[in-house]
Each structure stands twice: as structure tokens, then as C-alpha cells.
Amino acid sequence: MNDSKYIIAPSILASNFATLGEEVVNVLNAGADWIHFDVMDNHYVPNLTIGPMVCRSLRDYGVKEFIDVHLMIDPVDELAQSFIKAGADLVSFHPEASKHVHRSIHAIKDQGCKAGLVFNPASSLNILENVIEDLDLILIMSVNPGFGGQSFIHSSLEKISQVRKMIDAAGKDIRLEVDGGINNETIGLASKAGADTFVAGSAIFNTDNYEQTIKTLRSKII
Ligand code: DX5
Ligand code: ZN
């Protein structure tokens, strides 16, 4: 895992899929730390995106950097394993989508992959009491999952602060990621609340100069 204090993880959901390999290389050369890979199944969320073959294609294309796979799928376990085989560095999933969350986390970790748990705007954090020690990353959704380009939901800031306290109390090396509506204004709010890993899709891929955009985003982290 990249040890930088702050991680910028562009979501390829907002990239041009017709030239995905080039887009990924360009955004990494422009200073991105991770690639955020959004997987949607038209069942857990009302949209459909990309599967493990696309992750494998990026590896075969020469992408060596950290691939952060965000599963918005139900069920979780089988495709999680396929993504690990396809080269994912971290696989996160939504607890509502797994019948046995502890088992799903450990099935990922047993393969030497990092594991994350994702919380929707209306999801309770209670489950963290039982599994926080097993996690490498906690992802707080600041939009409802399913689409890029939505507005940041400000109540997620309180949730980020709560998770920051839980991580500090656990004393473990767990990244706190925020996903949805991150831009030059909201990245500072999320970092102030305690996030250290920032997913941004449209705020990066809808601009012409990825390097300048990432530099500006980074400069707004407090
Ligand atoms: C939403 C996805 C996000 C999305 C973020 O379900 O998980 O990663 O791509 O896109 P923006 O940054 O445009 O809100
Ligand atoms: Zn995502």
C-alpha cells in the first residue's frame, strides 16, 4: 500500500472507456497515487460498469500502480476473488451486500489482498465495532453509490469524523477514504473531518489538464 499521508485516487468511472489504458497512464503520470475502479452490477446499484477482465487488461497494458477496487455488487465473494486474480491491490465492498461480512473480509485477506468496507450515506457504522481491526481501509460514501457527478452529501462529514476517532482508538494503520462529489471545495472539508484518501472522478477526468487539477486538489487538503 502507498504510505503517503494523503492519497488521490481518480475514479475511472468518469474517464473515456474507449481509451481506458491511455487515460489511466495519463492520470498516473499526472500525479495520481491510486486508480479507483468502480464495479457496478445493475442489482446492488442501478448502473452497470466493468468487471475483472478490464482490471486484468490494465495490468497487461503495464499499469503497476495500486488498483483500488470498489465493489458495488451483490453477492460479493466470487467476484472479489476474480478481481484479486485480475490484479487488484485492495477490494472493498458494501456490508449490506454480503451475508457474512467477516468471512468476506477474510476471504479477501487470505489471498494477500487488502480489504475495505464501504458505508452508504444511510448506513450505520455499528458493524465496525466487530471488524475494524481486520480492515485496511474504510470508505465513506459522500453520495449514494451508482453514478459519478453527484453532489457531495454534507452529513458524510460527521461520519468521517466518527470513523477517524474509531481508527485512532484502534491504533491501526487503516486508511479513511471518501468517495463522491469530491472537488476543490469538498476535499478540504473531508480532510478536515479526518479523511486521508480521496476518490475523485468527474473533478479530474472532466478537465483538460490532469496534472494541474491533481495539484490543485492536493493543495486544498488541510
Ligand atoms: C459512485 C462511485 C464513485 C464515483 C465518484 O458510485 O463509487 O467512485 O465515480 O464520482 P464523482 O467524483 O464524479 O462523484
Ligand atoms: Zn467508488
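*Asks:* Describe in detail the overall build of the chain, supporting the description with residues and values.
*Replies:* Each helix and strand counted, the chain has 9 helices and 8 strands in total. Relative to the compact-globule value of 17 Å for 222 residues, the chain shows a C-alpha radius of gyration of 16 Å, a close match. Overall, the chain is about 45 × 35 × 35 Å in size when its C-alpha atoms are taken along their principal axes. Put simply, the chain has 222 residues, and 54% of those count as buried. Sequence separation of 24 or more characterises 65% of the internal contacts of the chain that already satisfy a separation of 6 or more. Per element, the accessible surface of the chain, about 9800 Å² overall, is 48% carbon and sulfur. Both charge centroids of the chain, one from 18 positive and one from 28 negative side chains, sit 4 Å from each other.

*Asks:* Please set out the coordination of the zinc ion (ligand 2) residue by residue, giving values where relevant.
*Replies:* Looking at the metal site, the zinc ion (ligand 2) is ligated by His-36 (NE2), Asp-38 (OD), His-70 (ND1) and Asp-179 (OD), spaced 2.1 to 2.3 Å from it. Here the zinc ion (ligand 2) is ringed by 6 donor atoms whose angles at the metal span 70 to 170°, and the overall shape comes out octahedral. Binding-site remark: the zinc ion (ligand 2) is held by donors from one chain whose sequence spacing is H-x1-D-x31-H-x108-D. A residue pair is termed long-range when its members are at least 10 positions apart, and Asp-38 in strand E2 (residues 34-40) and His-70 in strand E3 (residues 66-72) qualify at 32 residues. Here the two residues Asp-38 and His-70 agree in accessibility, since each one is buried.

About the criteria used
Residues numbered from 1 in each chain as written. Chains lettered and ligands numbered in written order. Predicted model: local features only at pLDDT ≥ 70, side-chain atom pairs only at ≥ 80, totals over all residues. Heavy atoms only, no water. Helix = DSSP H or I, 4+ residues; strand = E, 2+ residues; numbered from the N terminus. Rg over C-alpha atoms; globule rule 2.2 N^0.38 Å. Buried < 20%, exposed > 50% of the residue type's maximum accessible area, 1.4 Å probe, protein only. Contact = heavy atoms within 4.5 Å. Areas by Shrake-Rupley, 256 points an atom, 1.4 Å probe, with all protein chains shown as cover. Lys, Arg positive; Asp, Glu negative; His and termini not counted. Charge placed at Lys NZ, Arg CZ, Asp CG, Glu CD. Donors = N, O, S within 2.8 Å, 3.2 Å for Na, K, Ca; no water. Tetrahedral: all angles 85-135°; square planar, octahedral: opposite > 155°, others 65-115°.

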